[in-house]
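Geometric and topological summary
Each chain, written out:
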Amino acid sequence: MSDFVSDFWGIWITAIVVAGFVGLSLLLFTQSKTTVKKGEQVETMGHVWDGDLEEYNHPLPRWWMLMFYITLIFGACYLVLYPGLGKWQGIRGWTSVGQYKEERAQAEAKYQPLYDSYLKQDLKTIAADPKAQEMGKRLFQTYCVQCHGSDARGAKGFPNLVNHDWQWGGDPKTIETTILNGRHGQMPAWGTVLGEEKVKDVANYVLSLSVQKKKFDAERAARGKETFTTICAACHGPDGKGNQQLGAPNLTHPSGSWLYGGTEKTIIETVTNGRNNQMPAWKDFLGDAKVHLLAAYVWGLSNNAKAQ
């Protein structure tokens with residue numbers, strides 16, 4: 001209810017709940033008034049079907065009435081103790097967020113010592129420990145698969161973690177730093193600066209750098225080299241091998257492993273409009289110990305013989 005900008009909705013919901021509760025109570029009370037003494041004839045409701053099938057006004061069984069009264073009493077107690085009347089939080093002050101935090105705290109108290117036991121171990125040592133890898137895998141499946149996929153091979157805009165094409169570096173410590181603090185990769189838009197023709201020239205030169213040597217226009221590539229050297233080399237290097245300190249990708253890798261794709265059309269789109277990628281920081285949410293295990297698992301994906 002705190003999301004509503006007007007108090008009207010809290011009052012409206014409270015009115016509906018109270019009116020419904022009172023209405024049901026009155027209905028039950030009026031029905032409980034119907035009684036029949038022993039030997040007394042039960043009145044009919046005046047409805048007759050098929051000539052002799054009549055509707056009688058029999059009172060409800062007492063056990064059934066008692067069950068309804070207990071339900072009403074339970075409902076009234078619930079509305080006093082817990083949220084249910086608009087903005088009223090109940091005298092217990094219960095919230096779903098509070099319950100989540102309490103359950104999480106209990107889980108942390110139980111399992112955190114296990115995570116902490118790996119904190120002082122080297123990441124490569126942890127990556128060779130089957131038990132630790134299974135724990136890291138569960139963390140990955142809970143927090144990372146949404147972007148990187150269940151097989152860790154990523155998707156468009158999300159890095160493949162099982163190869164050796166690392167944008168920010170793939171050594172154990174760098175991977176841990178990436179997970180802890182997150183990354184913000186930004187490729188500026190050059191479309192308005194270069195114009196359509198020069199963008200195409202640069203795109204073809206970039207295609208020529210790939211080890212796959214996919215089909216490209218040699219004439220455009222020759223013209224694009226000068227533009228690349230003047231503008232793009234500042235981040236990607238004069239040889240196009242990138243700069244992991246800046247998060248500038250290696251453009252000589254196979255184009256199929258590129259973050260957004262390595263076709264001419266995609267490269268033109270990237271140079272024209274730029275790219276803006278955000279890897280969230282997990283330090284505050286997961287803590288150092290869990291990130292340590294997770295980093296070891298991610299490093300192991302592309303370095304452990306079993307993972308390959």
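Preceding this section is the structure that the text describes.
Residues numbered from 1 in each chain as written. Predicted model: local features only at pLDDT ≥ 70, side-chain atom pairs only at ≥ 80, totals over all residues. Heavy atoms only, no water.

Should the charged atoms of two oppositely charged side chains come close, the side chains can pair. In the structure shown here, the tally under the stated rule is 10 salt bridges. Three or more residues joined by partner-sharing salt bridges are found here, namely Glu197, Asp201, Glu219, Arg220 and Arg223. (Salt bridge = Lys/Arg side-chain N within 4 Å of Asp/Glu carboxyl O.)

Another aspect to go through is helix H2 (residues 62–81). For H2, spanning 20 residues, the distance from its first C-alpha to its last is 29 Å, which sits close to the expected 28 Å at 1.5 Å a residue. All buried positions along H2 are accounted for by Met65, Leu72 and Leu79. Here the buried residues of H2 occupy an arc of 50° about the axis, which is enough to place them on one side. Exposed and facing more than 90 degrees away from the buried side of H2 are Trp63, Leu66, Ile70, Ile73 and Phe74. (Helix = DSSP H or I, 4+ residues; strand = E, 2+ residues; numbered from the N terminus. Expected span 1.5 Å × (residues − 1). Buried < 20%, exposed > 50% of the residue type's maximum accessible area, 1.4 Å probe, protein only. Arc of directions from axis to C-beta.)

One pass over the full model with this rule turns up 11 aromatic pairs. Put simply, the rings of Phe8, Trp9 and Trp12 pair up and form one aromatic cluster. Over the face of the ring belonging to tyrosine 260 we find arginine 275, whose NZ or CZ atom lies 4.0 Å from the ring centre. (Phe/Tyr/Trp six-rings, centres within 6.5 Å; stacked < 30°, edge-to-face > 60°. Lys NZ or Arg CZ within 6 Å of the ring centre and 35° of its normal.)

Take a nonpolar patch on the surface next. Judged by side-chain polarity, Phe8, Trp9, Trp12 and Ile16 come together as a nonpolar surface patch covering roughly 440 Å² of accessible area. Mapped onto the fold, isoleucine 16 is located in helix H1 (residues 8–32). Among the residues examined, isoleucine 16 registers a relative accessible area of 47% and is labelled partly exposed. (Patch = residues over 30% accessible without salt bridge, like charges linked within 9 Å, V, L, I, M, F, W, Y side chains within 5 Å. Areas by Shrake-Rupley, 256 points an atom, 1.4 Å probe, with all protein chains shown as cover.)

Taken across its 10 residues, helix H7 (residues 172–181) has 7 buried, putting it largely inside the fold. Among the residues of H7, those classed as buried are Pro172, Thr174, Ile175, Glu176, Thr178, Ile179 and Leu180. Lining the buried residues of H7 we find helix H4 (123–127), strand S3 (183–187), strand S4 (275–279) and helix H12 (283–303). With its phi angle positive at about 75°, glycine 182 sits one or two positions after the end of H7. (Contact = heavy atoms within 4.5 Å.)

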